[in-house]
Every structure is written in structure tokens, then in C-alpha cells.
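Coordinates in review
Residue strings, one per chain:
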Amino acid sequence: MATEAVSVPVPAGVPVPAPTSAIPVPAGIPLLGSLFDLTRRPLRSYLAARRDHGDVVHFQAGPPGLRADFYGVFSPEGVHQVLAGEAANFRKEDAFYDELRTNVGNGLLTSQDAEYQRQRRLVQPLFTRRRVDGYADAIAREAQSLADRWRAVPGGVVDAAEETSRFALRTVARVLFGTDVEEAVAVVHRSFPVLGEYVKERGYAPIRLPRTWPTPSNRRGAEARRALYEVCDRIIAERATRDGVDEAADDLLTLLGRARDEHGDRLDPDELRDQVLVFLLAGHETTATALAFALHLLAKHPEQRRLAREEARTVLAGRAPTAADLDALPYITRVLKEAMRLYPAAALGGRRAVAETVIGGYVIPAGAQVVVAPLVTHRHPDHWVDPERFDPDRFLPEAEKTRHRYAWFPFGGGPRACIGQHFSMLEAVLALGVLLRDFEIEAVDQRVALAQGITLRAASPMRIRVTAGG
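Summarised in this report is the structure supplied together with it. Because the structure is predicted, anything quoted here is derived from the model rather than measured.

As for the sheet that holds strand S4 (residues 157-159)
One open sheet holds the three strands; their spatial order is S4-S12-S9, and the pairing between them is antiparallel. If you trace the sheet from one side to the other, it starts and ends with S4 and strand S9 (439-443), each paired once. The average angle at which neighbouring strand axes cross in this sheet is 35°, direction not considered. In the sheet, S4 pairs with strand S12 (residues 463-468) via three bridges, with the strands oriented antiparallel. Within S12, the position partnered with Val157 by the bridge is Arg465. Against the sheet, helix H12 (residues 269-300) contacts S9 and S12, and its axis sits at roughly 80° relative to S9. Most of the contacts of helix H18 (residues 421-438) go to S9, to which it runs at about 95°, and overall it touches S9 and S12.

As C-alpha cells, this is what we get:
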């Protein structure tokens, strides 16, 4: 596993009833419990908790009076309960989601109940496979632009994390806004990391100061939020003036503005902005993380790299990829799935239990904060042989059929499963195909530090050497 220089959040939830004593509790240190482990070595701490204590673990972090109590659920069976089987009992309600709603809007990622159902009805028709496949040309153009950029890099060394982040952001911005890309990309690239850090800091702080206090953190967060809202609001307003004039426009923002449900309901400008911000956030960070770690892993594994390159050069020889190539690049698809197993963008996810429930034989009290951790479940030794090893063939069809549905869940699951899963896979597979078709790659950085903001990311350079042709 990669080394860590990270600060993964400790969920700060509402007070919960006294836990059932039978649930294992990591010892931690007197008075502070697991606070230092979870702030200094978070990913290893979650993995160690499952290894040492089992599939349901009660974490206590912080001093008395400010202590966060929460429950890690690590088995696929337990994850199924939380995300699907008993999804109505586990809500997106904690300090982190409160901060996310306040700063990124109440879109599909954070809305709940009737509002979530309404948004899903309006947005779902825009994410059918047929509709998403129509964006393959935009994906191919941006992938080719990235390849052209790499050919001009002096020395041929690029940071895979930085490069794939820019590529994925440009791609989702082009799909969302059509031609209004450059300004939006610049603002989002500059502002989202600042806002993400602000959300993380406040979402997992034992005490949250009022947002109106003029602290440096509050000022940075407010400025990043203002910049994002302004650029989105301006593009939405300009697009509204053109609606009805350009009937052929098929960018996602135009289609969102035209969307109606069976009652004729539509998204108002603020709701449009909330959805756009969610798509910009989730739509580029998830894909960028998968692509970056796929390149990093292939750069370190010559045999898997050879097989992936052979497939890319055979299928995409001399031409741009199309949506049909998603099915024609099965090995590259397996590479990306394995990268998402080892390094899922959404490494941790929180819920609040409304009512008391039993998971894995343990009673989870009403009001408890529950954490599911793809990063941990994806390495569960009962479901993955030699789980730290990079092996794309874990995702051969026959292997997938025999595996628990929630042994691998990088896109979540149940009624809140990611609406953009097909778009993310299409984008990642086509882009990786173009890059492997055009370049031989080798690792410069063998180990990469990890950090957890809103999503998992590299906290140190992820450099690879790219050589055209080969």
C-alpha cells in the first residue's frame, strides 16, 4: 500500500446513546481514544481496526465532552445493509454533509427524501447509456489534447495526478458547458481544492466556529465558494438567454435547464447551479483518481502494462476512440476497476442510523454515526486473495459473478448509487486507451503518499516518464 502523509477526517457526529459493550473498541490512548491514530495514520488505522477487531468496530476519538463516537462497518454484508438493504435507516446527516451542502449546494450528492427523488427524476434521463455515449467525441478530443500535450513535455516526465485532474475537469466542463470551458476550468481548478479543504476542516472539527467570523480559513472558503458560484451563475444566465434560439444545443447544462418531470416541474437557477457544482466535483475527481492510479500502477507493473498497451494499440490503431470501444477494451476496463479497488476516490462514506439496528450481530444504536470504507472493504481478505497485489484479472466476468456485490463499490450502491457511473467508466477507459496507444510509460515515483479531502488524492508527486511510440 502507498505511504501516507495524510489527514483523513474523524467524523464528528451528534451525541449517540451508550454503545453496546460487545462491539470491539480500539484501545487508543487514555482520554483521547483513537484521535491521534485516525488523524495521523487514518487509512492504516481503519485497515488495522478491521484486521484486529473484525467487521464492526466502535471508534472513540477526542476528549470527554468533545468525543466523536462512530461505528466502522467493513464487511460487504454490512455495507449492503447500510447502502441498500436498510438504506432508509441510514441518512446523509452529519457535520461533514452539512458543510458540503452549505458550500457545494444541495444537489444529488447531498439532498435527501422528496427533494432527492425529485432531482433524480429530473436528472436521470440525461444519464442513460445512449445519452452518455453521445459524449464520447468530447472525451476523445480532450484525451487527444492531453496526448499532444505530453509529446511536448521536456524530458517526458509528467505528474499523473495533476495531468489527469486537468483532463477530467476539462472533459466534464466541456460536457456540461459546451464551448464555455476555459474560464470555468480555471476557476474550478483554483477554487475546488481550497473549498474541499475548508469543507473537510469544518466537517470533522470537534468545534466549528461561526462561518461569519473573519478567520483566515473562513475567508478562504468564502472566496472560493463565491468564485465558483459566480462563474456557474453567469454561464447559467447566459445559457438561459439562448434557450429556444439554439435548439440543437446538447450540452448537459442546456438539457438540465430544459428537463421536466411528469408534473412539468423544472430546476430553478439555484438548483441548476447546485447540480452543476456536484457534477464538476464528483464528475472530475472520481475519474481523475481512477486514471491517475491506473497509470501509476501500470507504470510499476511491466506485464500488465504490456497487455494493456497491446489492447489499446490493436483496437485504437490510427483512429480516435468511440463509445463502442468501451466493450472492445476489456483489459483496460479491468485495469481501471482494479485501480478503483485499491484506491477508491470515495474511500470513506458516512451515514446516521435513524433507528437501532443490528449489523454483523452487533447492535448499532439509534442516532449513531456509521462509516463504510471502500478502501477497507476492497482489501478484505475474506473476499480478495492477496488483497494488496495489483491484479486486473480479479475483474474477469467469471470472477465478478462469484463475488459479493458489495465487495467492490467505488460508485456506492443502493438507491443512492452514483448516477454518473457509466460516464466515468466511459471517460476513463477511452482516455487510458488513447494514452497507452500513444505512449510507453514507466514509474518515476514508486511510492505515493495519500490524502483524504472530499475524495482520496495523491499527497506527493505521482510522476511517470512517457515516451511516444514504443
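Comments concerning a nonpolar patch on the surface
On the surface, Leu66, Ile207, Leu209 and Trp213 cluster together into a nonpolar patch covering about 400 Å² of accessible area. Considering the arrangement of structural elements, one finds Leu66 in the loop between strand S1 (56-61) and strand S2 (68-73).

Details of unusual backbone geometry
Residue Asp113 is not a glycine yet carries a positive backbone phi of 55°. In this fold, Asp113 is placed in helix H5 (residues 113-123). In the Ramachandran plot, Asp386 falls in the positive-phi region, its phi being about 45° despite a non-glycine side chain. Among the structural elements, Asp386 can be located in the loop between helix H16 (374-377) and helix H17 (397-401).

Quick notes on helix H13 (residues 302-315)
Over its 14 residues, H13 extends 20 Å from the first C-alpha to the last, a length consistent with the 20 Å expected when each residue adds 1.5 Å. Of the positions making up H13, those classed as buried are Gln304, Arg305, Ala308, Arg309, Glu311 and Ala312. End-on view of H13: buried residues confined to an arc of 160°, all on one side of the axis. With respect to the buried face of H13, the exposed residues turned more than 90 degrees away are Pro302 and Thr314. In this fold, the buried residues of H13 make contact with H12, helix H14 (325-328), helix H15 (330-342), H18 and S9.

Some remarks on helix H2 (residues 42-53)
The end-to-end C-alpha separation of H2 is 16 Å, in line with the 16 Å expected for 12 residues at 1.5 Å each. For H2, the full list of buried residues reads Pro42, Leu43, Ser45, Tyr46, Leu47, Ala48, Ala49 and Arg50. Gly54 sits one or two positions beyond H2 and adopts a positive phi of about 105°.

Some remarks on the sheet that holds strand S8 (residues 369-372)
If you trace the five strands from one edge of the open sheet to the other, you get S1-S2-S8-S5-S3, paired in mixed fashion. If you trace the sheet from one side to the other, it starts and ends with S1 and strand S3 (90-91), each paired once. When strand S5 (residues 349-353) meets S8, the two strands line up antiparallel, connected through four bridges. Paired with Gly350 across the two strands is Val371, which belongs to S8. Strands S2, S3, S5 and S8 of the sheet are contacted by helix H3 (residues 76-85), whose axis makes an angle of about 120° with S8.

Focus on the state of the cysteines
In the structure shown here, the tally under the stated rule is zero disulfides. Unpaired in this structure, Cys232 has its nearest cysteine sulfur neighbour in Cys418, at a distance of 18 Å. Relative accessible area serves as the criterion here: at 1%, Cys232 is assigned to the buried category.

Some points on the pattern of salt bridges
Enumeration according to the criterion identifies 44 salt bridges in this entry. For Glu93, the salt bridge identified is with Arg352, shortest N-O distance 2.5 Å. Of this pair, Glu93 sits in the loop between S3 and helix H4 (95-104) while Arg352 sits in strand S5, and the two are 259 residues apart along the sequence. Taking relative accessible area as the criterion, Glu93 reaches 26% and is therefore assigned partly exposed. Taken together, the shared-partner salt bridges in this structure form one network comprising Asp98, Glu99, Arg202, Arg208 and Arg211.

A look at the environment of His80
Along the chain, His80 falls in helix H3. With 329 residues separating them along the chain, His80 and Phe409 place their C-alpha atoms 9.8 Å apart. With residues up to four places along the chain from it excluded, the contact list for His80 reads Gly85, Glu86, His404 and Tyr406.

A closer look at the nonpolar core
With 128 residues, the main nonpolar core has Leu280 and Leu432 as its most contacted residues. In terms of residues, this core owes the most to one element, H12, which gives 17 residues. Sequence-distant contacts of Leu432, defined by excluding residues within four places in its chain, comprise Leu291, Ala294, Leu295, Leu298, Ile332, Val335 and Leu336. Within the second largest apolar cluster, 16 residues are counted, among which are Val73, Val79, Val82 and Ala353.

What counts and what doesn't
Residues numbered from 1 in each chain as written. Predicted model: local features only at pLDDT ≥ 70, side-chain atom pairs only at ≥ 80, totals over all residues. Heavy atoms only, no water. Pairing = 2+ DSSP bridges. Helix = DSSP H or I, 4+ residues; strand = E, 2+ residues; numbered from the N terminus. Axes fitted to C-alpha atoms, helices over the stretch in contact; angles between N-to-C directions. Contact = heavy atoms within 4.5 Å. Patch = residues over 30% accessible without salt bridge, like charges linked within 9 Å, V, L, I, M, F, W, Y side chains within 5 Å. Areas by Shrake-Rupley, 256 points an atom, 1.4 Å probe, with all protein chains shown as cover. Salt bridge = Lys/Arg side-chain N within 4 Å of Asp/Glu carboxyl O. Expected span 1.5 Å × (residues − 1). Buried < 20%, exposed > 50% of the residue type's maximum accessible area, 1.4 Å probe, protein only. Arc of directions from axis to C-beta. Disulfide = S-S within 2.5 Å. Core = buried A, V, L, I, M, F, W, Y, C linked by side-chain atoms within 4.5 Å.

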